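Descriptive analysis of the structure
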Amino acid sequence: MMESQAAVEKRYRDALDSLVTKVQKDRNIIAAILCGSMSYDQVWDKSDIDLLLVQREGKGNPRGYTLSENDVNIHAEVVPRGQLRQWQEAALQGSFEHSFFSRSTLLFCSDESVKTWYQNANLHNIGERDRVLQLLIVATGLLPTFRYAEKQFYVNGDINYSFLSILRAVESLARIEVILNDEVPSREVIQPALEYNPDFFRVTYSDLINREKNEEVIQNALDTINAYLNEKLFIFQPILDFLAEANGPRSTTELNSYFQKKIGETRLDAAYEWLAQKGIIQQVSTPVRLTLKSQVEMEETAYYYDQEAAATLGESPPPQLKFALNPDLRIGADAHPQIMDALDTFVDKVTDDRYIIAAILTSNLAEDNVWEHTNINLLLVGRDDAKFDEHYSLVEDGVNINVTMHPRKRYQQLLEGGLQGNELHSVLSRSRVLFTRDEAVEEWHSDLKYIGQRDRETQFINAGNGIFALLTKAEKWFYLKKDLNYSFLYIMFLVQQLARVETIMHGEVPKRKAIYQARMHNPDLFDAVFTDLINKEKNEETVRRALETIDRYLDDRTFALFRPLFDFLASAGGTRTATELSDHFRVRQTWVGFVCEWLAQKGVIEQFSSPLRLTKESQISVEEAAYYYDENNPFLEEMRQ
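What counts, and at which threshold
- Residues numbered from 1 in each chain as written.
- Predicted model: local features only at pLDDT ≥ 70, side-chain atom pairs only at ≥ 80, totals over all residues.
- Heavy atoms only, no water.
- Helix = DSSP H or I, 4+ residues; strand = E, 2+ residues; numbered from the N terminus.
- Buried < 20%, exposed > 50% of the residue type's maximum accessible area, 1.4 Å probe, protein only.
- Contact = heavy atoms within 4.5 Å.
- Polar contact = N/O pair within 3.5 Å; in protein donor to acceptor, adjacent residues only side chain to side chain.
- Core = buried A, V, L, I, M, F, W, Y, C linked by side-chain atoms within 4.5 Å.
- Arc of directions from axis to C-beta.
- pLDDT = per-residue confidence, 0-100.
- Pairing = 2+ DSSP bridges.
- Patch = residues over 30% accessible without salt bridge, like charges linked within 9 Å, V, L, I, M, F, W, Y side chains within 5 Å.
- Areas by Shrake-Rupley, 256 points an atom, 1.4 Å probe, with all protein chains shown as cover.
- Salt bridge = Lys/Arg side-chain N within 4 Å of Asp/Glu carboxyl O.
- Lys, Arg positive; Asp, Glu negative; His and termini not counted.
- Charge placed at Lys NZ, Arg CZ, Asp CG, Glu CD.

Re the overall build of the protein
A count of helices and strands for the protein gives 28 helices and 16 strands. Here the protein, with 641 residues, has 54% of them falling under the buried criterion. Pairs at least 24 apart in sequence give 70% of the contacts found in the protein among residues at least 6 apart.

Given below as structure tokens:
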């Protein structure tokens, strides 16, 4: 008999109360803060509980644990008191961290200073200063995703991937809308944004999801987003104010140095470039040397703000850049020669810099993949004794060049220590060494087009975290929330993760458009949950069928995907705790936890518990999740085959 929703909620509340009662007796834990859906939303029978436990001052980094209480999993993060305060002081209001705390609940606190901080932290409002900066951060982060959506449509003619990128962009647009309405954005931010601006989000989200995707529909969505951004140009006013006060050009380095004092490490390069393309600010260049000892000068992007010209522009709205109707837009063969000439000129210059030992192209500059807004992406390897910044925004012959720099030793460690099959590997597998003074660099790159069996298996453990987290969300929004559009949104994000897994299973390095690679190997699955699903109306039948298809796919590949996990559990001859699993596979507990919890729900492994002390000084034990695998279980024989 299926458990009622009321019974589920009571079971979770009882489990939380039971754990908190234990933790309150631990004198080294001074506070407990409930986070996640149980604090502000509904739980269901696949939920877990997110808990932040504050430790008395101690050394070390925060440590995560997967606890178990009355058969309910509780993901607990133990954080030293000082670390909690640092998080709060560093977090901008309106940021993810602020949102995280704003929907939390203080369950108990024996430290008056922590209690006072929590009560006075202005968790549910956004101050004007932070509001301005957070809007700037979110809008800047949105621009590369939106530009990619435009490129897929105008350059590659790929309606499906343009649509996927629009869905990604809509999440950021929803954050902007919510912040503009003085609300702290939550993780599921599209619902309140729909209430604030239904007309806009119908065109770019709800109606778009349920319509057949064709050129007219995608063009309309792109134009609507462009118009929205044109109306919100005031978001970028801090950049204009700084440039106006400078009364002359300022390099990207100078601009980022100024803003990073206010917003942390976030770079605003995409915003400067976008404003220049709109004609609101002007892009120029200024000489820069890549290392302190370099004798060769490169050109760094710089910008200035002509207020008189901007005032004239302000008499009419900025252009929406309707590229499909613009005969002057340079695409493919019209843009390719300038880009390649700029690359050749840049490489000639950097080759003369003896402190740079290698230049590696990480962009796809094929003629059918470029347009006038294409940036060249390069990775430069510097001598270990050279001092340089990690990122530069350069320009050559009117083409922007994004440069990432690594010392030789660090780059070697990056390649040798990075798991094959991850996103870095995906980028570097398609890279090309343009020049090098060190033969070892060529050797490091020679093996990047393949994925070893060991790395393949480990990547599946890592991928399981994202897959099962997204699947749980898609199921929750379908079965509990009855929101078909939001369930579909998570399915689309999930399909991209499944495509990476399918591609790695066949020994290939997944590309950015991994769905097309995966479809070559498994057309039935990716037609059902992607190609065909995109253009169907999202009703209960189509979304349910997609979820069930994905669930069967994972069932059928359980033992192929997670063989190393089963082998490690079997070798124990008993249970392994979540901490032991996390340490063995060198991943966060929550990552391996999602995999184990799903396998336990399926009955493939069994979940037990094991005593755990949260700190070295703790005298009170709680229960940590532990798992057991019976390799001789005859009921699992069919799944193994």
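Comments concerning the environment of N364
Among the secondary structure elements, N364 is positioned in the loop between strand 9 (356-361) and strand 10 (376-382). When residues no more than four places from it in sequence are discounted, the contact partners of N364 are N369 and V370. Reaching out from N364, the side chain makes a polar contact with the backbone nitrogen of A366 at a distance of 3.1 Å.

Let's talk about the nonpolar core
Within the largest apolar cluster, 122 residues are counted, with the highest numbers of intra-cluster contacts made by F236, I491, M492, L554 and L565. In terms of residue count, the dominant contributor to this core is helix 7 (residues 159-180) (14 residues). L554 has contacts with I467, F468, L471, L498, L561 and W598, leaving out every residue within four places of it along the chain.

A few points about helix 26 (residues 578-585)
Three or more residues of helix 26 are buried, namely A578, T579, L581, S582 and F585. Mapping the buried residues of helix 26 onto a view down its axis gives an arc of 165°, with all of them on the same face. One or two residues past the end of helix 26 sits R586, with phi positive at roughly 55°.

A closer look at the confidence of the model for the protein
Per-residue pLDDT for the protein has a mean of 88; in total, 89% of the residues score no lower than 70. Here residues 320-325 scores under 50 on pLDDT; set against residues more than four positions off or in separate chains, the count is 15 contacts.

Points about the pairing of strand 8 (residues 298-304)
Burial within strand 8 is extensive, with 5 of its 7 residues counted as buried. In terms of strand pairing, strand 6 (residues 250-251) meets strand 8 through 2 bridges, oriented antiparallel. Paired with R250 across the two strands is Y303, which belongs to strand 8.

A closer look at a negative patch on the surface
Taken together, D341, D344, D348, D352 and D397 make up a surface patch of like negative charges. Among the secondary structure elements, D397 is positioned in the loop between strand 11 (391-396) and strand 12 (399-407).

Observations regarding the pattern of salt bridges
Counting across every chain of the model gives 29 salt bridges. Of the charged contacts, one joins D158 and K513 as a salt bridge, the two residues approaching to 3.0 Å between their closest N and O atoms. A residue pair is termed long-range when its members are at least 10 positions apart, and D158 in the loop between helix 6 (128-154) and helix 7 and K513 in the loop between helix 20 (484-505) and helix 21 (514-521) qualify at 355 residues. Taking relative accessible area as the criterion, K513 reaches 21% and is therefore assigned partly exposed. Notably, a salt bridge pairs D199 with R202, separated by 2.4 Å at the nearest N-O pair. In this pair, D199 and R202 both sit in helix 9 (residues 198-209), 3 residues apart, roughly one turn of the helix. Owing to a relative accessible area of 53%, D199 belongs among the exposed residues under this scheme. For R202, a relative accessible area of 34% gives the class partly exposed. If you follow the salt bridges from partner to partner, you end up with D41, K476 and K481 in one network.

A short note on the environment of I515
Structurally, I515 is set in helix 21. Residue classification places I515 among the buried residues on the basis of a relative accessible area of 1%. If near-sequence neighbours (up to four positions away) are discounted, I515 is found in contact with Y161, L164, V495, Q496, A499, F526 and F530.

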